[in-house]
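# Descriptive analysis of the structure
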There are 2 protein chains.
Amino acid sequence: MGESIPEIVRDPAAIERRSMEIIGDELARMKKEIPTENLPVVKRAIHASADFDYAENLCFLNTPMEAGKGAVKAGIPIVTDTNMAKAGIHVSSLTPYGGSVSCFMADPGVAAIANEKGTTRAEIAMEKAARNFRAPVLVIGNAPTALISVARMIEEGGFAPSLVIGVPVGFVNVEESKEYAAKVCRKFSIPAIIAMGRKGGSSVAAAIMNAIIYEAAGRKI
Amino acid sequence: MGESIPEIVRDPAAIERRSMEIIGDELARMKKEIPTENLPVVKRAIHASADFDYAENLCFLNTPMEAGKGAVKAGIPIVTDTNMAKAGIHVSSLTPYGGSVSCFMADPGVAAIANEKGTTRAEIAMEKAARNFRAPVLVIGNAPTALISVARMIEEGGFAPSLVIGVPVGFVNVEESKEYAAKVCRKFSIPAIIAMGRKGGSSVAAAIMNAIIYEAAGRKI
């Protein structure tokens, strides 16, 4: 006798709607006071990880939702620190606004310079983003050195990204990178969403960016 | 006065080594008995998420490490359920063995069939994988319908993947899909690594595959 195939919902829109309801219900039970405008980001980060720590660890600085939605609508370029985060961002929703997503990590020039300087490709890739674009949206889900590089350019070089999503993951440099970036973004009034602590990742980074894109586009879930 | 830039390790190999040491130390403190051969997968899943739940929720069926390393060395094709997971797999380590990574989610034919049948593209993409390849390695980090589709083809169609990495994430269909897939893989002796419960994701899926690729290639961390 066969194992019984589970009875499941197959309509993608219904799956997403029900997921968001469940997350909303569990957040309500946790009695977390999350400002309404930030809720789509918190819910999408939890949706991408099934980890309710994102109800606690996300730090929103300088009205990042307004800034992010404005940037999306203005077609401002998005730059990620990994090709994985790039692959997760819903680029076809950006097309009507003329937006784009780039990642410079795999550029041969970037690897060569990183090697020469004895640092990470992620750091050099962010320097390239700052040279190529005036005020990009930066989505960092992996490399703390990328986040530190961005914060240093803000502090020392007058760089002013439209929005920084700073959610690198890991055990070395990660917490320090986020503390530093949060201080710098506060001081220089740069809109930012930062996952304090160790957690994050490319999936969560893309999910946060997508939440902002869907809000900008008025997509209802 | 400026914020002080954190003193950090910049050498990528040193960062990775130190990360794995920290994860190893915390696992030791948790007193988790993880078989040595599975440890690289557990550690990489934690490395990708900073979430120690992966020390508890990963289920290893039918010596998946041996099966996975053998598949990598034999150049057996890897198929993912998302382009994001595909982007996270270290494909250049597969090149010496003639291996490849595919994802059929964005194929126009797949979307058309899914629409017609009222199901997800992920399900149809896995059916395409089973048609195109005899015994692929399947890496599922997002869609429970993909995992159910694979388990159904194993049970009903005599499909025998070389390895199933089943770590979809979420709140609808996800736990059911994993319970069903685990039962079917047990019954039909299919090697599998499944994250029981809600957690998973494309980052974790790619990290598990990479752990196996690095073990096959004898890369030391």
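Here, the structure is the one placed above.
Residues numbered from 1 in each chain as written. Chains lettered and ligands numbered in written order. Predicted model: local features only at pLDDT ≥ 70, side-chain atom pairs only at ≥ 80, totals over all residues. Heavy atoms only, no water.

Before going further, it helps to examine the interface of chain B and chain A. Residue-level contacts link 53 residues of chain B with 53 residues of chain A. Roughly 4200 Å² is buried in total at the junction of chain B and chain A, and carbon and sulfur atoms are behind 66% of that figure. Broken down residue by residue, the surface that chain B buries against chain A is led by E3, M84 and F171 of chain B, which jointly contribute 18%. At the surface where chain B touches chain A, the tally comes to 2 salt bridges. Among the ionic pairs, R198 of chain B bridges to E26 of chain A, the shortest N-O distance being 2.6 Å. Connecting chain B to chain A are 4 residue pairs in polar contact (both at pLDDT 80 or more). Secondary structure elements with two or more residues in the side of chain B that touches chain A: α1 (12-30), α2 (39-49), α5 (83-88), α8 (144-157), α9 (174-187) and α10 (202-216) of chain B. Considering each element in turn, the side of chain B that touches chain A owes the most residues, 7 residues, to α1 of chain B. Across the side of chain B that touches chain A, the residue classes tally to 23 nonpolar, 16 polar and 14 charged. (Contact = heavy atoms within 4.5 Å. Buried area = accessible area lost by both parts, 1.4 Å probe. Salt bridge = Lys/Arg side-chain N within 4 Å of Asp/Glu carboxyl O. Polar contact = N/O pair within 3.5 Å; in protein donor to acceptor, adjacent residues only side chain to side chain. Helix = DSSP H or I, 4+ residues; strand = E, 2+ residues; numbered from the N terminus. Nonpolar A, V, L, I, M, F, W, Y, C, P; charged D, E, K, R; others polar.)

Glancing now at unusual backbone geometry. In this structure, S189 of chain A is a non-glycine residue whose phi angle is positive, near 55°. Mapped onto the elements of the fold, S189 of chain A is located in the loop between α9 (174-187) and β6 (192-195). Phi angles above zero are rare outside glycine, and A50 of chain B is one such case at about 55°. Locating A50 of chain B in the fold gives a position in the loop between α2 and α3 (54-57).

Turning next to empty space enclosed by the protein. The full count for this structure, using the stated rule, is 1 cavity of 30 Å³ or more. In this model, the largest cavity occupies a volume close to 140 Å³. If you go around the largest cavity, you meet 17 residues; those closest to its centre are S49, G200 and V204 of chain A together with S49 and G200 of chain B. Elements supplying a minimum of two residues to the lining of the largest cavity: α2 (39-49) and α10 (202-216) of chain A together with α2 and α10 of chain B. With 3 residues, the single largest contributor to the lining of the largest cavity is α10 of chain B. Broken down by class, the residue content of the lining of the largest cavity amounts to 6 nonpolar, 9 polar and 2 charged. (1 Å grid on protein atoms, 1.4 Å probe; cavity = no way out; pocket = protein on both sides within 12 Å on 5 of 7 lines; lining within 4 Å. Points joined across faces, edges and corners; volume = space filled by probe spheres on them.)

Once that is clear, we can look at the environment of A106 of chain A. Residues and elements named next belong to chain A. Within the fold, A106 resides in the loop between β3 (101-103) and α6 (108-117). Here the alpha-carbon distance between A106 and T82, two residues 24 residues apart in the chain, equals 8.7 Å. Setting aside residues no more than four positions away along its own chain, A106 makes contact with N83 and R121.

Turning to the relation of the copies chain B and chain A, a few remarks are in order. After a rotation of 180° and a shift along the axis of 0.0 Å, chain B superposes on chain A with an RMSD of 0.0 Å. Here the symmetry operator amounts to a two-fold rotation axis. Every residue of chain B has its C-alpha some distance from the rotation axis, and the shortest such distance is that of M84 of chain B, at 2.5 Å. When the interface residues of chain B are mapped onto chain A, 100% of them again lie at the interface, so the same face is used by both copies. (Least-squares fit on C-alpha atoms with pLDDT ≥ 70 in both.)

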